[in-house]
Each structure stands twice: as structure tokens, then as C-alpha cells.
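# Coordinates in review
Residues per chain are reported as follows:
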Amino acid sequence: SWRSRGSSAVERAQQYTVGHKIHGFTVKEVTAVPDLFLTSVKLSHDATGAQYLHAARDDSNNLFSVQFRTTPMDSTGVPHILEHTVLCGSQRFPCRDPFFKMLNRSLSTFMNAFTASDYTMYPFSTQNAKDFQNLLSVYLDAVFFPCLRELDFCQEGWRLEHETPTDPSSRLMFKGVVFNEMKGVFSDNESLYAQHLQNKLLPDHTYAVVSGGAPLDIPDLTWEQLKHFHATHYHPSNARFFTYGDLPLEQHLQQIEKEALSKFERTEPNTAVPPQAHWDKPRVDHVTCRPDALAPDPMKQNTLCMSYLLGDITDTFEAFTLSLLSSLMISGPNSPFYKALIEPEIGSDFSSSVGFDGSTRQASFTIGLQGMAEDNTETVKHIIAQTIDDIVATGFEEEQIEALLHKIEIQMKHQSTSFGLALASYIASCWNHDGDPVQLLKISENVSRFQQCLKENPRYLQDKVQHYFKDNTHRLTLTMSPDERFLEKQAEAEEQKLQEKIQNLSDADHKDIYEKAGLMLLLLQVCSCWPFRAQDASCLPALKVSDIEPIIPYTPVQLGTAGGVPVQCCEQPTNGMVYFRAMCNLNSLPEDLKIYVPLFCSVITKLGCGELDYRQQAQRIELKTGGMSVSPQIIPDTDQLDLYEQGIMLSSSCLERNLPDMFQLWSDIFNRLVFFQETEKEIFKSLCKCIDFILMHLHRPAGDLQRDGPGEIAELTDLTSVLRKLPRIKRHLLNPENMRCAVNATPQKMSDAAGEVERFMGNIAANRKERKPVRPTVVEVRPLDPQAGSSASRKLISEPHFKPCQMKTYFQLPFNVNFVSECVRTVPFSHADYASLCILARMMTAKFLHGEIREKGGAYGGGARMGGGGLFSFYSYRDPNSTQTLSAFRGGVEWARAGKFTQQDIDEAKLSVFSAVDAPVAPSDKGLGRFLNGITDEMKQRHRERLFAVTNKNLTDVAGRYLGVGQQTCGVAILGPENESIRKDPSWVVK
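Worth saying up front: this structure is predicted, and the values here are computed from it rather than measured.

### So, the overall build of the chain
Helix and strand content of the chain: 33 helices and 31 strands. A compact globule built from 991 residues should have a C-alpha radius of gyration of about 30 Å, and the chain, at 29 Å, falls within 12% of that. With the principal axes as the frame, the chain shows a C-alpha extent of 85 × 70 × 70 Å. Looking at the chain as a whole, 57% of its 991 residues are labelled buried. A separation threshold of at least 6 residues defines the contact pool for the chain, and within that pool the share at least 24 residues apart is 80%. Summed over its atoms, the accessible surface of the chain is roughly 40200 Å², and 51% of this surface lies on carbon and sulfur atoms. Measuring between centres, the 101 positive side-chain charges of the chain sit 4 Å from its 120 negative side-chain charges.

### Regarding unusual backbone geometry
Residues apart from glycine generally show negative phi values, whereas peptide bonds are mostly found in trans. Despite not being glycine, H23 shows a phi value in the positive range, around 45 degrees. Relative to the helices and strands, H23 is located in the loop between β1 (21–22) and β2 (25–33). Look at H23 and you get partly exposed, because its relative accessible area is 35%. Despite not being glycine, L148 has its phi angle at roughly 50 degrees, a positive value. Structurally, the position occupied by L148 is in the loop between α4 (129–144) and α5 (150–156). We classify L148 as buried; its relative accessible area is 7%.

### Some words on the sheet that holds strand β26 (residues 807–812)
Ordered in space as β28-β29-β27-β30-β26-β31, the six strands form an open sheet in which the pairing is mixed. Strand pairing shows two members of the sheet lacking a second neighbour, β28 (861–866) and β31 (989–990), which therefore form its edges. Bridge analysis of strand β27 (residues 818–825) against strand β29 (residues 871–879) gives seven bridges, and the strand direction is antiparallel. If you follow C823 over to β29, its bridge partner there is S873.

### Points about the UniProt feature "coiled-coil region" (unreviewed entry) in the chain
Per the UniProt record, the feature "coiled-coil region" (unreviewed entry) sits at residues 484–511. For the annotated span residues 484–511, helix accounts for 82% and strand for 0% of the residues, and the straight-line distance between the end C-alpha atoms is 40 Å.

### What to know about the nonpolar core
Grouped together as the largest cluster of nonpolar side chains are 84 residues, with contacts concentrated most on L43, F64, Y122, F144, F241 and I256. For this core, the leading source of residues is α4, giving 10 residues. In terms of nonpolar packing, the next biggest core, distinct from the first, is built from 69 residues, L36, L328, I330 and I384 among them.

### A few points about the packing of aromatic side chains
Throughout the structure, instances matching the rule amount to 34 aromatic pairs. Taking the centre distance of 5.0 Å and the plane angle of 65 degrees together, the rings of F124 and Y139 count as edge-to-face. Remark: Y139 occurs in helix α4 and F124 occurs in strand β8 (residues 119–126); sequence separation between them is 15 residues. Look at F124 and you get buried, because its relative accessible area is 0%. The ring of W223 has K227 sitting right over it, with the charged end atom 3.6 Å from the ring centre. Across the ring face of F931, the terminal group of R740 is positioned such that the distance to the ring centre comes to 5.3 Å.

### Some thoughts on the packing of helix α21 (residues 614–624) against helix α22 (residues 659–671)
Interhelical geometry of α21 versus α22 gives an angle of 150 degrees and a closest axis separation of 9 Å. Judged by the inter-axis angle, α21 sits roughly antiparallel to α22. Along this stretch, α21 crosses α22, giving a crossing that reads as left-handed. Residues Q617, R620, I621 and K624 of α21 touch α22, and the partners they reach there are D661, L665 and I669.

### Topic: the confidence of the model for the chain
Mean pLDDT over the chain stands at 90; residues scoring 70 or higher make up 91%. The low-confidence segment residues 528–534 (pLDDT under 50) makes 16 contacts with residues lying over four places distant or belonging to another chain. pLDDT under 50 marks residues 690–712. Its contacts with residues more than four places away, or in other chains, come to 49 contacts.

### A look at the side chain of D668
Considering the arrangement of structural elements, one finds D668 in helix α22. Contact partners of D668, with chain neighbours within four places excluded, come to C609, G610 and L673.

### A short note on the side chain of S117
For S117, the position within the fold is in the loop between β7 (114–115) and β8. On the basis of relative accessibility, which here comes to 18%, the residue S117 falls in the buried class. Those residues within four positions of S117 in sequence are excluded, and the remaining contacts are T70, P72, Q198, T206, Y207 and S211.

### A word on helix α32 (residues 952–963)
The terminal C-alpha atoms of α32, which comprises 12 residues, lie 16 Å apart, in line with the 16 Å expected from a rise of 1.5 Å per residue. Looking at α32, one finds that the buried residues are L955, V958, A959, G960, Y962 and L963. Where α32 is buried, its residues touch β27, α27 (834–856), β29, α28 (883–897) and α29 (903–917).

### Quick look at a negative patch on the surface
There is a patch of like negative charges on the surface, built from E397, E398, E399 and E402. Counting through the fold element by element, E397 comes out in the loop between α12 (377–394) and α13 (398–413).

### Examining the state of the cysteines
All told, the structure shown has zero disulfides when counted by the stated rule. For the unlinked cysteine C970, the closest cysteine sulfur is that of C823, found at 9.0 Å.

### Details of the pattern of salt bridges
As enumerated under the stated definition, the model contains 49 salt bridges in all. Taking the shortest distance from any N to any O, the salt bridge between R149 and D152 comes out at 2.9 Å. Residues R149 and D152 agree in their burial class; the two are buried. For R615, the salt bridge is made with E343, and the minimal N-O distance between the two is 2.9 Å. With R615 in helix α21 and E343 in the loop between α11 (336–342) and β14 (349–350), this residue pair connects regions lying 272 residues apart in the sequence.

### Quick word on the pairing of β29
Bridge count between β28 and β29: six bridges; the pairing is antiparallel. By the bridge assignment for β29, R865 is matched with S873.

### Focus on the packing of α27 against α29
How two helices pack is summed up by the angle between their axes together with the distance between the axes. Where α27 contacts α29, the two axes come as close as 8 Å, and the packing angle between them is 110 degrees. Relative to α29, α27 is oriented roughly perpendicular. In terms of crossing hand, the pair formed by α27 and α29 is right-handed. On α29, the residues touching C838, I839, R842, M843 and K847 of α27 are D905, I906, E908, A909, K910, S912 and V913. Here the residues of the contact of α27 with α29 sort into six nonpolar, one polar and five charged.

### Some words on the environment of H20
Mapped onto the secondary structure, H20 falls in the loop between α1 (9–13) and β1. Sequence spacing of H20 and S538 is 518 residues, and the spatial spacing of their C-alpha atoms is 39 Å. Beyond its immediate stretch of four places on either side in the chain, H20 contacts F25, T26 and V27.

### What to know about the environment of F356
Within the secondary structure, F356 sits in strand β15 (residues 355–357). Put simply, F356 and S307 are 49 residues apart on the chain and 9.8 Å apart in space, counted from C-alpha to C-alpha. Leave out the neighbours within four places in its chain, and F356 touches L310, A319, L322, S323, S326, A363, S364 and F365.

Cut-offs applied
Residues numbered from 1 in each chain as written. Predicted model: local features only at pLDDT ≥ 70, side-chain atom pairs only at ≥ 80, totals over all residues. Heavy atoms only, no water. Helix = DSSP H or I, 4+ residues; strand = E, 2+ residues; numbered from the N terminus. Rg over C-alpha atoms; globule rule 2.2 N^0.38 Å. Buried < 20%, exposed > 50% of the residue type's maximum accessible area, 1.4 Å probe, protein only. Contact = heavy atoms within 4.5 Å. Areas by Shrake-Rupley, 256 points an atom, 1.4 Å probe, with all protein chains shown as cover. Lys, Arg positive; Asp, Glu negative; His and termini not counted. Charge placed at Lys NZ, Arg CZ, Asp CG, Glu CD. Pairing = 2+ DSSP bridges. UniProt positions renumbered as here; feature names shortened; annotations may be inferred. Core = buried A, V, L, I, M, F, W, Y, C linked by side-chain atoms within 4.5 Å. Phe/Tyr/Trp six-rings, centres within 6.5 Å; stacked < 30°, edge-to-face > 60°. Lys NZ or Arg CZ within 6 Å of the ring centre and 35° of its normal. Axes fitted to C-alpha atoms, helices over the stretch in contact; angles between N-to-C directions. Parallel < 35°, antiparallel > 145°, perpendicular 65-115°, else oblique. Left-handed = near helix turned anticlockwise from the far one by under 90°. pLDDT = per-residue confidence, 0-100. Expected span 1.5 Å × (residues − 1). Patch = residues over 30% accessible without salt bridge, like charges linked within 9 Å, V, L, I, M, F, W, Y side chains within 5 Å. Salt bridge = Lys/Arg side-chain N within 4 Å of Asp/Glu carboxyl O. Disulfide = S-S within 2.5 Å. Nonpolar A, V, L, I, M, F, W, Y, C, P; charged D, E, K, R; others polar.

Right under this line is the structure:
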């Protein structure tokens, strides 16, 4: 194995010394970071000056990332289009789309690329050492030695192409993956506003432009400009490498030096971002957007924010302090801006741009509202100014600051499965501007320094507010209002741009567009071959199916009871945290109350409980827990398609020392919930947010919570009738008779946690009441683990009158791209064919649908997936096409039925499926599949063996049996702009 034995990754890293030379690199700094259980090693490359940071940690999910400072000076989207194009083939791997092909030749846990305002990042992670080497080779070659072919630029960026590529008489139009993606991005008003806000607050350099590309500017980018941008920005002297995990650093450095850096010499990249000149007086600006057809009140569609330019993010302690200050000002019902702006209901919510933003060289803070009336503009400005004055005068309560520091402690202790990726993202902006990334990781040091500053100067935070907000003249007030002609004007501007391009075309250009950008690209998309070089993915490295572990690691759990309630205990290295869940089924809940369940879940931890009003409760939750939430659950059965469990799940976590406090809060919610009239406002806000949840996320057969009533609730002005229903729901749902619980904690703390659960059950025993199911004839009790002999069970129900039916629904929405889906009923998880359908979905995506939907159709993405509930789904998103994509779905089925794939295709699909099956699971979530779904380790192993055993015949067989036309019930849905052909087609239901 590539991993060293006998010592931990952290200990090995601590043996490096400053000045140590390793494979062309020199060690600059070695720092233990006990807060995050890692040791950082900072290096620089001798020949090129490339910067390198390694975070050694005993985590097998290893990560690599390389980022370049990319600072465009126009809105053509050159860094974004370059990010797409470098992944389309390189010198060592000249095949088409190696990035997407590697998704099926590796066991990666993450592969992607990001374009930010001022950097571009290429990260991947994997748990397999050989896979890490393979992916590193592909990534290094992609970024440093890409092919950058003109046809790839045309496909990924933009091109002029005939509407029907084979018909030169059809009209010319703009096409391209990034062109369509950015049209989709800016069809969202919040994204549009955020982009304007940054451009106008920082107008002097790269932040004044759209790094992702403005749709009307993208067609100004040339292939030559793209290649020049790569030559000047994608150089080791402008690069920052980051690796994380338990693999040895030397191996990484040796491979990076050999395969990439040894072929370069140092340059002096001119990519630095100068500080924004500070304004001597505040500015005001206004932008327009499309009207929101879904807005609850058409007269309340305005947004207003005030944005303040703060300090340089490379001053890490100052940035840390301002980030904390931002949270104190806006987070939760106890924060001053929540009280001043949200509670008076002037707008629907904070603007999505609100808060601290450290993604640019100088940070900013934004405060404001969306969903407000135009005539409230001056009121909101006054409230913001007054609230800042109030903070300067009175400061913050000590308990608020304590709660925030407690939150930071929780964040440090909670272990996520993608910790390496989180670190890479966390340090990216500061490091990009030559700040010290290691200083950012010393969180406890920053907390101690912050506490010391408060101790020495009680007005420390108030002075910051005075300096950065009250006295700050670099302030932008930006308003946004809807324009009825916004989409029309956009379409006119695009058409004008198109005509300008067409008018400048010669006859030779027209011929070139038809033959090269049209027919040749079509040939590549259809035939998957290059005209001058046969497509050969064999040049890419790949793992073999035999590299996959045949047996899953076993997750031991102990099953017991507390106060007669089944409890699952899972001992895990949770780093001093305790995780609690409880599942409560709602089979006894009367039908007329079910529509209110999402609302109940949304507000139940926010109403106040015991002696606490809702503000005090929110503070207590922040001070003593990592959060408390309740969510609706609809969990399909693993054996029968039309059986499912419906209920709610209670979730919370806490530091071990706060166990009694966490369970006291739950006890008070069960026993002493407060239904004050003054909480109506809170309920109403949550209700509005729930409507989308009810309409968009709950569907039959798992659709027992969906009815025709949400619109009626939304229109209620007096919520008294709704309030009266909540206590009734509570009596049915917060009932120990219908509960089962799960606890994840360290072995040392598990007995204490189990004792607290026992005490909790004793405290809520008075709520226990046996209630008959509403429909007793359709309830089936299924043991969670038949072999364990435990009392834990799932009470499953079915819909006796539900009959699946064919249906095609079109949701006309104010988008300029489509979202297309088709779902087919197949088989549940335990069925022998389930594994074959999983492999088929992955193979069909990689080998057929990706080419048809993305490369040929111009959508941002698309494919097929097999769901745990037995639905085989086809999908596309940000898609310029609608019904043509449905034809692509059918084409995929015919392709599979005809067996037009190889054993290599099957093996690649297996690798891709196993990368998801074997994705790392956080200690907090171990055993959760058994607890919620009843999927035991034995069932997982059986599924694993079936995946290994899938053959060519199995795939053609399931494609025909389940996906062939008329074989199974299917449903089709499209969300998109007005579509005349669908509207005229009687087979569609148009919403």
C-alpha cells in the first residue's frame, strides 16, 4: 500500500524541518494545528516558485487541489470557459472529455472544478491510493498541458450554429454549454443582484466584471484570447497546490515535479488584485430584474441592500473578528438586524447577499431585505442606520457572544466526510491574495485573542461597528425592482447581438459555421470520434473492478430500549460530540392535519418551551447544542414499491458536557411547548417557506402529505385556525408510543448518553398514549433488524386506492432554460434486478445521455439515476431543449436494449456506482441507514455482491423489461419557459 505503516500521518509530517529539500521543493514551515488534528507543511517549488500546502491528518479521504489566480478584465467568461475547456483533453490524455471519463474509471469521492471571482480551483478526493495517483496525473496534465482545441472551445464556450445543424437554411443561433449555463444563472434574480452588488461595490479592477461570463459578452471571446489567458494564468508561478489526508507527502511532490513542474521555469505573473480605492462618499445605484410570477404579493418584489467595504482578508484576525461581528448582527431572532428588519415584516426575508463576504481581496458586509414594497425604501434605509447607531450605543449581550463561540467549538469538533474539501475552500481566497493559510487554521488562537480583546476593551465590538459601518464612506446602497419588459429586453439584446455577429460574416464564414461548428461538431457528438484521431479512452489510467473491496466494513450497533422505546446505540469516534435522532411515525394523525406537518416541523423548535420564550429558546439552543431540527420523512420500503413509512425525524447534537441540557430542551418541547399568540408571525413566515416544500418535494405514492390545500393556507390572513391545529398535531406526533431513537457517541460516553435518553423517556412518559392508526387495515409492522430480535420496527402503510398512471406535466415558470425529468416505476432495493438498474443508469449516463444531452443538446447536465424508492429517473438541467431531451431519454433506452456497450463500459459503470456506494460516512451518520430504512449490513453486502455480478445480459434484460415503452408506468415533468408546441399538445397537462 502507498500509505506508510506504523506511525500516524500527523506524526510523520512533524518530522519535516524548515529548509528540508524534497523533490524540487523546500520546506518553509511546519505547524501543528491541534484544533483540527492536523499538521501543516508549507513548501515552495525551487524552480518556479509554486506555493504548496500539505495538511497531514489521519483521514483516508485524501484530497488534491490546484488553484490559479485568474483575474479577467472583461465579462466574456474567459476563466469559466477555460475551466471547462482544459478538462476536454490534454497532451498525455488526448481523448475526448477525459474529466467525465475519469468519473467512471475511478473511485473518487469528489471531482470537480470551480471558477470564483478571482481564482479557478481544480479539486478531487479519493480513499484509494492508486486512484489518487491516477487522478493526479489526469488533473496535472489537464491544467498545465491542455489541448484547447477550437471545437472544444465552440462546444463548451459559445458558437454560432444553425438551429438544425444539418440544415444550412435554418436560422443561426448562439449555442454553448457555458453560454446556456450563464443564461440559467442570471435567470435567478438573487444571483443577478449579487453579481451587480459585487461589480458596483468594487468597480476598479477584476471584481467589476463577471468572471463566469455575462451572456451578451460571452460571444465576444475568441479562441485565441482563451489560449492567451491560459498561457498567462495557468503557470506554476501563479499556482497554489494543496494536499490533505494520510497519504505520504513525498509521493505527491515527486509526481507533481516529474509530471508537471520540471517542465517549467519561473515567470512573474501579473495577476495580483490591487486594493480598491476607498470612496470619499457613499454611492447609490439601481438595477432591474424579471418579475417573479411566484411572488406571494406582486407589489412586494423589491430588494434593497447596503453594502460596506471592509478590510483586507489577508489580515486573518481582523477578518475573523468581522465574520463573528456579522453573525452577531444578523443571525437568529436575538440579533439586532433580525429584530429591526425581519420582525416588522417589511420584506419577505433578508436578501440572500446579506452577511460577511470574504471571497474578494477586501471583505464586505451587506445588510438588507428582499420581497419589500418600493415605498418602504426610505424606511429600510432609516432602520439600517438606526440599528447601527443602537449597536454602537449598547453592543451585544454576553450570552450572545458565548453562543457564537460555542458554535465555533462545535464546528471544530464535528467531523464531516469532506473535511479536506472544506479546508481547501476555506483557505482559498486568503491564500489567493498571498495571505497566510496556516494562520486561518489556528481557530482557537483567534478565539483566545478575540476574548482577550473583549476583556481589555469592553467596547471592542462597538468600536468596530463605529469604524466599519457608522463612519465608513465606502458604502453602496443598491435597489432592485422588477421590470415587466425585462425578459423581452434581454431577448431583444441577444437578438441584436446575434444580428451584429451575422452581419459581419463572409460567405466563407457561413460555410465554416455549417461545416466546422455544425457538421463536424455534430459528427464528434454523434460518432464520439475525432476526425484526425480515433477516440481512445484507453490512454486514461483506470482502476479495475478487482481493486474494489469485496466486503463492506461492519458497523456494530447495540439495540435496546429506554422507557419502552427502542434505542439504537452506535459507538463511534465522534470527537466529544453526541448525536441524537428520534423517528416518530404519523399513522395515527387524522387526514385533515397531514398538510400542516411540514409547517409543524418548521416551527416546533422555534416557538418557545418551558420557561423560555422563542428568543430565549433560540439562544439556549445555540449555547447548548449544535442545532435542533425536526423534518418530515417519507421512507420507502425496501421490499415493496407501494409500502412506505411516514413520520417526522427529530435531530440534534451537542458537546458531551451539554448532554443533560440538550435533552432538557427536548423534554420541554414535548411537555411544555408554548403556543403564544405573538408567535403567529414566526409561524406565518415558516408557513410561506413550507408551501414550496409541500408542492415541490412530496409526491405520490410517498405523497400522503400532498393535498390541494396549500394555496388556501397561504391566503389566510388570520392564522388562529392554523394555530389551533398545532397542539393537535403535537399530541399525535410527539408520542413515545410511536417513537424509536438512535444515539451516536464515543464508547466512553455512550452509557451517559443512554442514561440521558432513559431520563428523557421518563420525563415525556405522560405523552405516551396508544392511538389507533387512521387506516388500521393498511399498516404493516416490519422489524428494523429481523435477526437482532429487537423491538424496533417500522410501521409501514400503503395507499389502498392509489393507482399509478401515465402523466405528462408541464410547469410553465419564468425561466429561460428547461429542467426535464422522466420517472419509471421499477423495483425496490431488495429485488434482484435493483443492482442491474443501478449499473444501467450510470452506464447510460456516461456512454449515451451525457453526449446527447450536454455535448449535442447544450444542456449544463443530464443523465439517469436509480432511486432507493424504486424509481428509475432520467433528468436534464439548465437545458435549452425540452421535448428533444425526452427523445434522448428514449434513445438511451433503445441504445441499452440493443446492447451497444462493451464489458469495459460495464466495468466503468461499476466503478462509478461503487464510488457512491463506498462514499465515506461520518461518525455522526454511521448506522443511520439501518435506523431509518432498515437496511442492515447484511442487506448492503448482498446488494454489493449483486453489483459485482451484473452482466451484459442482465443490463439488456432490465432495459427491455422495465424501461421499454409501455412496460411500466412512467411520469414526465418539464419546468421551463412558455412552450407553444406543448401547450397545443393535448397529451400534456400544462400548469
